[in-house]
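# Inside the fold
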Amino acid sequence: MVLAELGGRIAQAMRSMTSKTVIDEEAVDNMLKEISSALLSSDVNVKLVSSLRKNVKNRINLEDLATGLNRRRMIQQAVFEELCEMLNPGKKPYQPKKGKPNVIMFVGLQGSGKTTSCTKYALHYQRKSWKTCLVCSDTFRAGAFDQLKQNATKARIPFYGSYTERDPVKIARDGVEMFKKEGQEIIIVDTSGRHKQEASLFEEMQQIAAAVEPDDIVFVLDSSIGQAAHDQATAFKEAVSVGSVIMTKLDGHAKGGGALSAVAATSSPIVFIGTGEHFDDFETFEVRSFVSRLLG
Ligand code: GDP
């Protein structure tokens, strides 16, 4: 993934800095310039990059560094902490509770990987012994129910949907009610996507949310859309109360930085990342371990 290149460039910038015998302000500036250019070329938002640059500089105490004391570690620590800070949404995502129904509604544009992510999410919890199930309330896209049904059958997850009912709100309500009665613990409601953000999509999302009263709304974002992620994340957040984000397609040639920084800018915690088309290509997202991995 291209993000690995970004990590490599940042790590390289830190190495070339720490191998110098004299570390002065100029050396720090050069390192920060290289890190900033790596972040910008990965589509990370320019404002975030400039604040990271300023904050790393504030964290590094040049007087301590001049003595050579733990030079390398201090610089790495400062860059690491600021990268984490940049991705830190400042709030915790919803944690499902055992022994009760947790209704989780998925939203996102068509093609973002929503239906695939619903199944991955269900499977993730099923493997941890949660009773999970899927409701398909997408009546907009032909074949949506078949796709969810196929996924659910393959993953052996109970599902609900209809070939004849056209009202997505009714399907969502009926499906959630049925699964609540069955004692299911994680009831996932897949909603329809549309090709672009449009009023009718947001209205439908709001109606479904009002009908099923979700405990969490998960916004699925395609990481390959770069800087456009900012407007999209903001629009969805304004329409419904998004509590968590799943970023998909981080395995592709996506630069990823645009989407990562968009999510950070909207203060939405990323809960999982999608790294491929298979159900197993799904990872829990945790800022600190993501950044450590990024830096290699
Ligand atoms: P939806 O329209 O939002 O429900 O999107 P789908 O779940 O149908 O996914 C659209 C396409 O993206 C499908 O071909 C999926 O296999 C693919 N896809 C979903 N998630 C990922 C991912 O993390 N990586 C890759 N490479 N492809 C993905």
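In this text, all values refer to a predicted model and were calculated from it rather than measured experimentally.

## Concerning empty space enclosed by the protein
If you walk through the whole model with that rule in mind, you get 1 cavity of 30 Å³ or more. Forming the walls of the largest cavity are L3, L6, L39, V44, L83, M86, L87, G257, L260, F290, V291 and L294. Breaking the lining of the largest cavity down by element, the ones donating at least two residues are α1 (2–18), α5 (71–87), α11 (257–265) and α12 (287–295). A class-by-class count of the residues in the lining of the largest cavity yields 11 nonpolar, 1 polar and no charged.

## A closer look at the packing of helix α2 (residues 25–41) against α5
Packing of α2 against α5 brings their axes to within 13 Å, and their N-to-C directions diverge by 30°. Considering the angle they form, α2 stands roughly parallel to α5. Once α2 is placed against α5, the crossing between them reads as right-handed. Here M31, I35 and L39 of α2 come into contact with α5, specifically with I75, V79, L83 and M86. Class assignment of the residues belonging to the contact of α2 with α5 gives a composition of 7 nonpolar, no polar and no charged.

## Description of the sheet that holds strand β6 (residues 244–248)
If you trace the 8 strands from one edge of the open sheet to the other, you get β3-β2-β4-β1-β5-β6-β7-β8, paired in mixed fashion. Since the sheet does not close on itself, it has two edges, and those belong to β3 (159–160) and β8 (282–284), each with one partner. By the bridge criterion, 5 bridges tie strand β2 (residues 132–136) to strand β4 (residues 186–190) in an arrangement that is parallel. Following the sheet pairing, L134 is matched in β4 by I188. Each of β1 (102–107), β2, β4, β5 (216–222), β6, β7 (270–274) and β8 touches helix α6 (residues 114–127); the most contacted strand, β4, lies at about 175° to it. Contacting β1, β4 and β5, helix α9 (residues 199–212) crosses the sheet at an angle of about 175° to β1.

## Focus on the pattern of salt bridges
Here the structure, examined in full by the defined rule, presents 12 salt bridges. Note that E283 and R293 form a salt bridge whose closest N and O atoms lie 3.1 Å from each other. Placement of the pair is E283 in strand β8 and R293 in helix α12, with a sequence separation of 10 residues. Classification of E283 by relative accessible area gives partly exposed; the value is 25%. R293 gets classed as exposed once you look at its relative accessible area, which sits at 51%. Each of E25, D29 and K57 takes part in salt bridges that share partners, so that together they form one network.

## Comments concerning the UniProt feature "domain: SRP54-type proteins GTP-binding" (unreviewed entry) in the protein
Here, the residues flagged by UniProt with the feature "domain: SRP54-type proteins GTP-binding" (unreviewed entry) are residues 269–282. Here residues 269–282 is 0% helix and 43% strand, with 16 Å between the C-alpha atoms at its ends.

## Overview of the site of the ligand
Surrounding the ligand, one finds 17 residues, the nearest of these being G111, K114, T116, D251 and E277. S112 places a main-chain nitrogen or oxygen 3.2 Å from an oxygen atom of the ligand. Here the ligand, which alone exposes 580 Å², has 80% of that area covered by the protein. The element best represented in the shell around the ligand is α6, accounting for 4 residues.

## Description of helix α7 (residues 144–155)
Taking 1.5 Å of rise per residue, the 12 residues of α7 would be expected to cover 16 Å, and the 17 Å separating its terminal C-alpha atoms lies within 8% of that figure. Every buried residue of α7 is listed here: A144, F145, L148, N151, A152 and A155. Here the buried residues of α7 occupy an arc of 130° about the axis, which is enough to place them on one side. Among the exposed residues of α7, those pointing more than 90 degrees away from its buried face are Q150, T153 and K154. On its buried face, α7 is in contact with α6, β2, β3 and β4. Positive backbone phi, at 55°, marks R156, one or two positions downstream of α7.

## Quick look at the environment of S41
Here S41 shows up in helix α2. Separated by 214 residues in sequence, S41 and K255 place their C-alpha atoms 8.2 Å apart. At a separation of 3.2 Å, a polar atom in the side chain of S41 contacts the side chain of R9.

So, how was this worked out
- Residues numbered from 1 in each chain as written.
- Predicted model: local features only at pLDDT ≥ 70, side-chain atom pairs only at ≥ 80, totals over all residues.
- Heavy atoms only, no water.
- 1 Å grid on protein atoms, 1.4 Å probe; cavity = no way out; pocket = protein on both sides within 12 Å on 5 of 7 lines; lining within 4 Å.
- Points joined across faces, edges and corners; volume = space filled by probe spheres on them.
- Helix = DSSP H or I, 4+ residues; strand = E, 2+ residues; numbered from the N terminus.
- Nonpolar A, V, L, I, M, F, W, Y, C, P; charged D, E, K, R; others polar.
- Axes fitted to C-alpha atoms, helices over the stretch in contact; angles between N-to-C directions.
- Parallel < 35°, antiparallel > 145°, perpendicular 65-115°, else oblique.
- Left-handed = near helix turned anticlockwise from the far one by under 90°.
- Contact = heavy atoms within 4.5 Å.
- Pairing = 2+ DSSP bridges.
- Salt bridge = Lys/Arg side-chain N within 4 Å of Asp/Glu carboxyl O.
- Buried < 20%, exposed > 50% of the residue type's maximum accessible area, 1.4 Å probe, protein only.
- UniProt positions renumbered as here; feature names shortened; annotations may be inferred.
- Near = heavy atom within 4 Å.
- Polar contact = N/O pair within 3.5 Å; in protein donor to acceptor, adjacent residues only side chain to side chain.
- Areas by Shrake-Rupley, 256 points an atom, 1.4 Å probe, with all protein chains shown as cover.
- Expected span 1.5 Å × (residues − 1).
- Arc of directions from axis to C-beta.

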